Amino acid sequence: MALTCKYNSLLFLIFLAFASQYSHGRSSSTHRCLNDQAASLLQLQKDVLSHNSSTVTSDDNSSMKVTKWDNETDCCSSLSGDIDAIFNLRHLQRLNLAGNNFQLTPIPSGFERLSNLTHLNLSFSCFSDQVPAGISSLVRLESLDLSTVFFCELPPTFNDPDYNHIFAFEEKRRLRLEKPNLESFVRNMSALTELNLDYVDLSAQGSSWSQALSVLPNLKFLSLSNCKLSGPIHTYFQNLKSLNTLKLHSNNLSSEVPHFLVSFWDLRVLNLASTQLYGNFSPNVFLLPRLEAIDVSRNPSLSGELPEFPLKSSLKLVSLYETSFRGKLPDSIGNLDATEVDISFNSIEGPIPSFRSSSLQKLQHPRLSFNRLTGSIDPHTFTLPSLKVLYLNDNRLCGELGEFSSSSSVLEKVYLNGNNLIGEIPTSMSEITSLTYLSLASNRFTGSVKLEAFKHLSNLTSLDLSFNSLNIKNDDPDLIFPSLDELKLSRCNLTEFPIFLKKQEQLRTLNLSNNRIQGHIPDWLWTGYLNELDLSDNEVDFPRESSQVNTTFSLSLGILAMRSCSVFKFPKFLQLLDGLWYLDLSRNKIKGQVPNWIWKSTLQYVLLSRNSLESMEEFLPNVSLTSLTTLDLRSNLLQGSLPSGICNMSSLSILDASQNHLSGLIPECLGLMSNLTVLNLQGNKYRKIPPEFALASSLRSLNINNNLLEGKLPRSLENCKMLEVLDLGKNMITDVFPFWLEKLPNLRVLVLRNNNLHGQIQLPRRNFSLPKLGIIDLSFNQFTGDLPGEFISSLDEMLMNREIKSANLKTIGQYKYYQDSVTITSKGKQMVLVRILTIFVSLDLSNNRFHCKIPGEIGNLKSLVVLNLSRNGFDGRIPSSLGDLVELESLEFNTYTNDSYLGNTGLCGEPLSRSCSEPTGSALQPPSQGDESRKESLFDWRFAGSGYASGIVAGLALGYAFLPDFQYHEGRLQLKKKIRRRERSLT
């Protein structure tokens, strides 16, 4: 077998058991091999030499020098090359082939002949396919390592550059235990103390992998990361009491943490990261006497609390990143001998313990960001003797930062952004000479800050003072930060460009957005090697065309953001930016045509929304736009058709051309793009939807609301298995209810209002289900007949109670640089939800021709927030089960209003004012002023100042304390904490 050595030469460490041969007085340090072993080694040498010039290479691509083995010397030798003859070495005890590249060829058979092997290491050598059964017969094995790597050097016959194809090729040839499976493989290996099968496919064993390993009582080291394990850890696993290392990360265990882990007294390393664990994690695991490293990160449903740590705790690494741990940070955390503690992205509350020099002597990288920590920061924290990186960002820390001894600090990076810190920035913070990164953004710091105060930080590479109440000034034009690579001064009350920037030629990232700078950008800003420039929300424009633009700058700029500025036309110098990949000129005053010379083959994101663009010039034939992933053209004045070159954008993921005047046919190629995720064409004048969506396997959101679409719903949409949002409202579609939507398992939003849909909603079969639909709007159609209770019962998402939905709160349609939206109706008003929360559940069947009784099954839709059955032909008593809709009562009506059932003149009984004893034709009375005051909604619709071209954009106030405050720009959703309890409204 020939091989190419990628990392190092092939090395056989051959240790032979010669005790019987050398027990008769041989004391020489060199030993001659037995005749059969000498012949095998000579054959190996011959194989190496015969392939030396063609198939065996070293890192520097020179011919590998193979030392000829002399059978008169020590039998222990190092060889490289083909390994077929190795199986003749019957006395071989240790074999190490680690770190080579066998280019995804199978492990050769013949290992069963090496019956004396005690240690076998084939790791990181790019073997493939089934592990040979012969290895399982090596009953003397004490250590086995078959771990492999994710990417290997592929055979020369494979020359496809597409990473997806490379991944598929390697995944198909992944090393695996299938025949035999894991249980059969280890059955006779009772002597094993070390087993490493990282990235070996063990899925054939199913969920019984832990039972299969329970027959290895001497096992001390076990690593099975990325092995496609499933199911819980069985109780039989507790037989492995000798374990000191257990690594199961990156599998899908989807279970609770086994309680018996607390009895693994010898455990030193525990890694259960990214295993989908849930439930409560016992704090006693942290207290295991020999535990040095624990990692349960990236298990978002795993909860627990930190214990009080004993003095001289053995823990050196703790990682709880992205879990759901809660409670306080114990004062005893100072007892840890740890160098790294990562508790970020949790719900840890309370103050930060007051650390003194006597505690946390070795702590270098505490990561406490994205928690709920409160209180002030002890200044001594900045002077801990080993502290190099401090992550306290995105908490609720408050108070002033006190002064400290900067000369005692060895800090290199400080992240304090996203808190509520007040007062002035302490002088000592700007005197930590070892600082390379300082972020104080998004706090409440005040006062005037001169950039000259940081002049002593010669190692500073990044400075972020954005979003405070600071007044940043720069008086010294000769100020230079020799290492500064990134400067962010967003919303710092700047009225002009800091003059020192003129000499910061090494600067790569500059963000001066949200300031009060006016006029043209000075020519000197275009010098240097800027890679990222953000001047958004300033009244600035590009330099006058007569100005000379430095071509050195134009070759390096990759990101240009000038959103909401005073740009009136596309600047000519965009033609020179050959490295540009992100361009944001949205919310400006650009008119006319989009010229074809702005397009570059490097572009990935182009955002031109909310201008006054009227047309797009066809793309240049010599410019390939295959890298473009996001194209945002919404809210312009575009007419006619989109450029045909859009069909060549093979990587296009998001296309938003909504709120324009486009007409004609929607390009059929859009339904055939395999990477397209979002297609938003609402608010145009298109008449026909593409008939074919067979290849749109990635499509998550399709919005063609408010057009002139005719015909039927294209059945080919059932191929879009990832579809979450389907909005085809306000068109002229003529069809029956699309029951084939059940083939879309991820569909969450369905809007078909204002069309010509007709007929009865009769389920085609039993067990019909629309499992994730949480927003349904079928209003203003012509549906007839009764409303089947079976249809209501098929809406599984609406059946969940609030507690379950709150625990799994998600935002639908949230992408990088883009947020999906949907138009809904509440209380007769159209509103745009620009952030679609899964907790918002709405069912609108108003303005149809449904009749007979309201099905009582509606009372089972526990999570309903908005229900509209008005203007139908329902009659009879309103089901009492509607009183069980707690969310509907408290969020939308408090008590049901007559308006909710307007137009259903046959309805009677509570909560309406007409009793069932009155004549059927009695009109429903509007609520009195006194009643209205009691029906205040938790969904407080507040209208923003400006909005989309059609409809009204509203603000949504959700009454959940766990939802964060956030605010969009004009015309976007404003979400505020607001709780109005029903008891208060009734007082």
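Residues numbered from 1 in each chain as written. Predicted model: local features only at pLDDT ≥ 70, side-chain atom pairs only at ≥ 80, totals over all residues. Heavy atoms only, no water.

Before going further, it helps to spend a moment on the environment of Leu 182. As for its position among the elements, Leu 182 is in helix H4 (residues 182–186). Along the primary structure Leu 182 and Ala 204 are separated by 22 residues, whereas in three dimensions their C-alpha atoms are 7.9 Å apart. Setting aside anything within four residues of it in sequence, one finds Leu 182 in contact with Leu 177, Leu 197, Leu 202, Gln 205, Trp 209, Ala 212 and Leu 213. (Helix = DSSP H or I, 4+ residues; strand = E, 2+ residues; numbered from the N terminus. Contact = heavy atoms within 4.5 Å.)

One finds Phe 111, Ile 135, Phe 237 and Trp 599 to be the most contacted residues of the largest nonpolar core, which totals 226 residues. Among all residues touching Phe 111, those that are not within four sequence positions of it are Phe 87, Leu 95, Leu 117, Leu 120, Leu 122, Gly 134, Ile 135 and Leu 138. (Core = buried A, V, L, I, M, F, W, Y, C linked by side-chain atoms within 4.5 Å. Buried < 20%, exposed > 50% of the residue type's maximum accessible area, 1.4 Å probe, protein only.)

Right, let's talk about the sheet that holds strand E40 (residues 661–665) for a bit. Strands sit in the order E38-E40-E42 across an open sheet of three strands; the sheet is parallel. The open sheet has two edge strands with one neighbour each: strand E38 (639–640) and strand E42 (685–688). In this structure, E38 lies alongside E40, joined through two bridges in parallel fashion. Each residue of the ladder has a partner; that of Gln 639, found in E40, is His 661. (Pairing = 2+ DSSP bridges.)

It is worth spelling out the pairing of strand E14 (residues 324–328) at this point. As defined by bridge partners, strand E12 (residues 301–305) adjoins E14 across three bridges and the pair is classed as parallel. Pairing of Gly 304 across the sheet is with Phe 325, part of E14. With three bridges joining them, E14 and strand E16 (residues 347–350) adopt parallel strand pairing. Paired with Arg 326 across the bridge in E16 is Ser 347.

For the rest of this paragraph, the subject is the side chain of Gln 682. Note on placement: Gln 682 falls in the loop between strand E41 (678–680) and E42. Residue contacts for Gln 682: discarding those within four places in its chain leaves Ser 658, Gln 659, Asn 703, Ile 704, Asn 705, Asn 707, Ser 821 and Thr 823.

For the coordinates displayed, the defined rule picks out 25 aromatic pairs. Measuring from ring centre to ring centre gives 6.2 Å for Phe 286 and Phe 325, while their planes differ by 85°; the resulting arrangement is edge-to-face. Of this pair, Phe 286 sits in the loop between strand E10 (278–281) and strand E11 (293–295) while Phe 325 sits in strand E14, and the two are 39 residues apart along the sequence. Assigned by exposure class, Phe 286 and Phe 325 land together as buried. Taken together, the ring pairs in this structure connect Phe 737, Phe 739, Phe 768, Phe 783, Phe 791, Phe 850 and Phe 874 into an aromatic cluster. When the ring centre of Tyr 199 is taken as reference, the NZ or CZ atom of Arg 174 above it lies at 3.8 Å. (Phe/Tyr/Trp six-rings, centres within 6.5 Å; stacked < 30°, edge-to-face > 60°. Lys NZ or Arg CZ within 6 Å of the ring centre and 35° of its normal.)

Next up on the list: the state of the cysteines. Per the stated rule, a full pass over the model turns up one disulfide. A disulfide bridge connects Cys 647 with Cys 669, and the sulfur atoms are separated by 2.1 Å. Here Cys 647 and Cys 669 share a disulfide; its torsion about the S-S bond, -75°, makes the bridge left-handed. Taken as a pair, Cys 647 in the loop between E38 and strand E39 (654–656) and Cys 669 in the loop between E40 and E41 lie far apart in primary sequence, 22 residues in all. Of the residues examined, Cys 647 reaches a relative accessible area of 37% and is grouped as partly exposed. (Disulfide = S-S within 2.5 Å.)

A separate point is unusual backbone geometry. Note that the residue after Lys 179, namely Pro 180, is joined by a cis bond; omega there is 10°. Here Pro 180 lies in the loop between helix H3 (163–172) and H4. Not every positive phi belongs to a glycine, and Asn 514 is a case in point at roughly 55°. Counting through the fold element by element, Asn 514 comes out in the loop between strand E28 (509–511) and strand E29 (518–520). One non-glycine residue, Asn 754, lies in the positive phi region at around 55°. In this fold, Asn 754 is placed in the loop between strand E47 (749–751) and strand E48 (756–760). The partly exposed category is assigned to Asn 754, whose relative accessible area is 25%.

The subject of this paragraph is the sheet that holds strand E22 (residues 420–423). Whether parallel or antiparallel, the strands of a sheet pair through hydrogen bonds between backbone atoms. The strand order across the open sheet formed by four strands is E20-E22-E24-E26, and the pairing between neighbours is parallel. Either end of the sheet is taken by a strand with one partner, and the two such strands are strand E20 (398–400) and strand E26 (469–473). Here the strands of the sheet are splayed against their neighbours by 25° on average, with no regard to which way each runs. Sheet topology note: the E20/E22 ladder contains three bridges and is parallel. By the bridge assignment, Glu 400 is partnered in E22 with Ile 422. (Axes fitted to C-alpha atoms, helices over the stretch in contact; angles between N-to-C directions.)

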